[in-house]
Amino acid sequence: MVDVTEEEMDNPTFRSDTVLSDVHLHCPNKRHLMVRLNAVGQPVFLSYFKFLWNTEDLASEKHVREVTTGREHQNSSGDELCDKHRSNQNKERELNSGVEALLDDDGDLEVVRRPRSASDLGAEDLLRDIVCPVILTKGREDAFEDEEQECNCSDVIKIEHTMATPLEDVGKQVWRAAFLLADYILFKRDTFRCCSVLELGGGTGITSIIMGIVARRVYCTDVGEDLLAMCEQNVALNKHLMEAGGGEVKVKELDWLKDEFCTDPEVPYSWSQEEIADLHDDCSVIMAADVFYDDDLTDALFRTLYKITHNLRNSCTVYLALEKRLNFTLRHMDVTCEAYSHFRNNLNDLENLQDREIKYTVEPIKVDFCQFLIYERIEQL
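Residues numbered from 1 in each chain as written. Predicted model: local features only at pLDDT ≥ 70, side-chain atom pairs only at ≥ 80, totals over all residues. Heavy atoms only, no water.

Per an unreviewed UniProt entry, the protein goes by Methyltransferase-like protein 22 and derives from Grallaria varia. Looking at the Subcellular location (unreviewed entry) heading of the UniProt record, one finds this comment for the protein: "Nucleus". Turning to the protein, the UniProt annotation filed under Subunit (unreviewed entry) states: "Interacts with members of the heat shock protein 90 and 70 families; these proteins probably are methylation substrates." (UniProt positions renumbered as here; feature names shortened; annotations may be inferred.)

A. Molecular detail of the pairing of strand E8 (residues 217-222). In terms of residue burial, E8 counts as a mostly covered element, since six of its six residues are buried. Side chains of E8 alternate between two faces, with Arg-217, Tyr-219 and Thr-221 and Val-218, Cys-220 and Asp-222 buried alike. Here strand E7 (residues 196-199) pairs with E8 via four bridges, running parallel. Bridge pairing links Leu-198 to Tyr-219 in E8. Regarding topology, helix H8 (residues 206-214) serves as the crossover connection from E7 to the parallel E8, and that connection is right-handed. Sheet topology places E8 next to strand E9 (residues 248-253); six bridges connect them, and they run parallel. Bridge assignment links Thr-221 to a residue of E9, and that residue is Lys-252. (Buried < 20%, exposed > 50% of the residue type's maximum accessible area, 1.4 Å probe, protein only. Helix = DSSP H or I, 4+ residues; strand = E, 2+ residues; numbered from the N terminus. Pairing = 2+ DSSP bridges. Right-handed = clockwise from strand over helix to strand, strands pointing away.)

B. Focus on helix H13 (residues 338-351). Compared with an ideal rise of 1.5 Å per residue, which puts 14 residues at 20 Å, H13 spans 20 Å between its outermost C-alpha atoms and is within 8% of the ideal. Taken together, the buried positions of H13 are Phe-343, Asn-346, Leu-347 and Leu-350. Axial view of H13: buried residues confined to an arc of 100°, hence all on one face. Along its buried surface, H13 packs onto helix H12 (295-311) and strand E11 (317-321). (Expected span 1.5 Å × (residues − 1). Arc of directions from axis to C-beta. Contact = heavy atoms within 4.5 Å.)

C. Representation of the pattern of salt bridges within the structure. Taken as a whole, this structure holds 17 salt bridges when the rule is applied. For the salt bridge of Lys-252 with Glu-275, the shortest nitrogen-to-oxygen distance reads 3.0 Å. With Lys-252 in strand E9 and Glu-275 in helix H11 (residues 273-282), the pair connects residues that are 23 residues apart, well separated along the chain. What makes Lys-252 buried here is its relative accessible area of 11%. Between Asp-290 and Arg-325 there is a salt bridge, with its nearest N and O atoms 2.9 Å apart. Of this pair, Asp-290 sits in the loop between strand E10 (283-289) and H12 while Arg-325 is found in the loop between E11 and strand E12 (327-329), placing the two residues 35 residues apart along the sequence. Overall, the relative accessible area of 11% leaves Asp-290 in the buried class. When its relative accessible area of 31% is taken as the criterion, Arg-325 is described as partly exposed. Through salt bridges with shared partners, a single network forms among Arg-176, Asp-290, Glu-323, Arg-325 and Glu-376. (Salt bridge = Lys/Arg side-chain N within 4 Å of Asp/Glu carboxyl O.)

Rendered as structure tokens:
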């Protein structure tokens, strides 16, 4: 028997805390191409995330009409398929109407199953390869030449990321809330057009890159030179998407646990005084996705949020996206989501803040807008 005190039960320590990414669920039929090992020896993979429409026409209302027409055509095609399916069902009923049911000695229905043969399997099942990581031996451009030919460059976003990390490196993975926020950006693209935007906890940079397609300038921020280098690489991989609309993404360090911006020119990804002034003068949108998993960091983020918004010249809208992750806790002996509860408490405190110079209002957004990226939009988002 192990004697565990109540204090230890409330504050468990995990010696080997590895967080697994579910990014492979977004493209299950693709092999995950491992491109390199990062500075701490973690395998880095390159994944393609396909847009559900062509980004070259994001600003075109004509394309919106084409997408709508296409959906109507899909719906009509779906109706035809449903009619065909119903017709087949009716034929089966007609064929089976004169067949006597087979019963066993006890009078129960006896089901005769036809043996499964290779003819029952589709071509995809027969030819499907084993999905496993592949370490590239050719140059990066040559390695992805075949896949580049399969997809239009304007139809995909390419992201380098890891599959599993310790808790402190979760920013190197891709999470669903980032896709959800990216969907909202594309859905409300006219709202963000030509804006100056700040992302807190940008991680791999996927949401900032999507925002860079429609916004004028995006400051994508996080901490850790290795993570910021990965983010900068992703920005470079998708530069053509942003250049089409005249946008840009700047990767910068922003530590929520520090009071000031890092302005030391010797430090990578530091801020210049001109960039800080530009942020304070023009920023009208702040966003963050899936950064509410640790109570101390949540507190630090809200302090940073208050500090930055307090220094902005203009009013600002903050967009926060997250996935509620349910866990069983010994304290409650039940499945709870303590990180989300702590986030809501901070949000309520911010809304109820008595400050003569600034006022915050909180408004939930219904998650019923169109989906522009391929991922699983679960109800916990």
